[in-house]
Amino acid sequence: MFLSGKKEHFFRSRHMKSIKIVIAIVGIIIFIIIGRKFQCNQVLLTNNVIREENRISIQRNLVIAAAMYTEITAMYRFVRSIRATCPFSAIVMIVAEYTTNDQDFKDLANIYSVIYISHDEYFPAHLKKNKALVDSIYSGRWIIIRNYLSILQSKNQAYDNIFICDAHDSLFQADIFTHITDLTPGLYVFQENIYMNIGKCSLNCDWIRTCYNEAEVKKLSPNPIICSGTVLGTWKAIQVYLSVMESEILKAPSNCTSFSGSDQGIHNYIIYNKKISNVAVHHISNEYGFVATLGYSLTIKRNQFGLVKNENGTIYAVIHQWNRSQQLRSQFQREYQTIPADAINKN
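Residues numbered from 1 in each chain as written. Predicted model: local features only at pLDDT ≥ 70, side-chain atom pairs only at ≥ 80, totals over all residues. Heavy atoms only, no water.

Participant: For unusual backbone geometry, give the residues involved together with the corresponding values.
Facilitator: Although it is not a glycine, Tyr-69 adopts a positive phi angle of roughly 65 degrees. Along the polypeptide, Tyr-69 turns up in the loop between strand 1 (61-66) and helix 2 (72-85). Since its relative accessible area comes to 61%, Tyr-69 is described here as exposed. One non-glycine residue, Asn-278, adopts positive backbone phi at about 60 degrees. Along the chain, the position of Asn-278 falls in the loop between helix 11 (263-272) and strand 8 (281-284). (Helix = DSSP H or I, 4+ residues; strand = E, 2+ residues; numbered from the N terminus. Buried < 20%, exposed > 50% of the residue type's maximum accessible area, 1.4 Å probe, protein only.)

Right, dumping it as structure tokens:
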């Protein structure tokens, strides 16, 4: 039996509407499924971000280090470890003039976003007549850093937090800036091994004696050594610290400022004599804190990934003087290799 034209059109129209309705329903179902999946992914992503924020600081942070005459492998090791743990922090390194013109160092700066500042350019002109000070990177670095930060301040480019450290023997294992919070602003200074106080270390005694006097050595002897190779703080705290440090350095005799490492004598003097006013100074334990100074450490604890742990089993954010350990030297030689120039283009 054949349908009339009108009836055929009617049934075709109803059939097409049914198909459209089915397609619409299927589309809605697919949209709901995708929406739920997207929402689930958003939750997972949000959770990941939260976890990352717990581990990585989101403030404006600066790592600044003196790296005069530091060779390329040591520089590479240092900056790569920072980028792995503090990816959004600025890295500024005080270097010799020739470093800024060396292609390997230029490549390193481009890859890891490093800013080089020249020792000659940022050492204040009016102090260059003090040759002992100019020639000593140990004492001179504090003046250069203060001058550099003052320039940033004048340009309204201040950072929230700053970590000043040695470059050649420091490595980052975690984000150090997560240890500064709004509840704990101020200056963070880091003790060395608890069993080696100032009086037991002839070198630390010599630094204090040369820069000050025997009476100061006797007064400070019972105290733990505080290392000048690692200093952390908020912008304000670091500015106050640098102002006091510079003042003491400029007053010191030339045999003090020319004595390698003597800035640590001044560092301990101003901290234990409470010369840093209106700033909370946090003394951080070497054994239970978040920065390890390993020079006098008899044993080093690591996890299965080679990360150095404190006595609580927590991973140190930074390990300093790691090169005093044969185990760590061997480990980092494997982990941070550079390719020799004569092997770069070989198949």
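Participant: An account of the pattern of salt bridges is requested, with residue identities and associated values reported.
Facilitator: For the structure on display, the rule yields 8 salt bridges. A salt bridge links Glu-216 to Lys-219; the shortest N-O distance between them is 3.3 Å. Linking Glu-216 with Lys-219, this pair stays in helix 8 (residues 214-220), spanning 3 residues, or about one helical turn. Note on Glu-216: relative accessible area 11%, which makes it buried. Judged by its relative accessible area of 47%, Lys-219 is partly exposed. (Salt bridge = Lys/Arg side-chain N within 4 Å of Asp/Glu carboxyl O.)

Participant: Let's hear about the confidence of the model for the chain: which residues, and what values?
Facilitator: The pLDDT averaged across the chain works out to 86; a share of 83% of its residues lies at or above 70. Across residues 32-55 the pLDDT falls below 50, and counting only partners more than four positions away or on other chains, this stretch makes 4 contacts in the model. (pLDDT = per-residue confidence, 0-100. Contact = heavy atoms within 4.5 Å.)

Participant: I'd love a proper account of the packing of helix 9 (residues 235-251) against helix 11, names of residues and values included.
Facilitator: Contact geometry of helix 9 with helix 11 gives a least axis separation of 10 Å together with a crossing angle of 120 degrees. What the angle tells us is that helix 9 and helix 11 run oblique. With respect to the hand of their crossing, helix 9 and helix 11 are arranged in right-handed fashion. Facing Tyr-241, Val-244, Met-245, Glu-248 and Ile-249 of helix 9, the residues of helix 11 in contact are Asp-263, Ile-266, His-267, Tyr-269 and Ile-270. Looking at side-chain class alone, the contact of helix 9 with helix 11 contains 7 nonpolar, 1 polar and 2 charged residues. (Axes fitted to C-alpha atoms, helices over the stretch in contact; angles between N-to-C directions. Parallel < 35°, antiparallel > 145°, perpendicular 65-115°, else oblique. Left-handed = near helix turned anticlockwise from the far one by under 90°. Nonpolar A, V, L, I, M, F, W, Y, C, P; charged D, E, K, R; others polar.)

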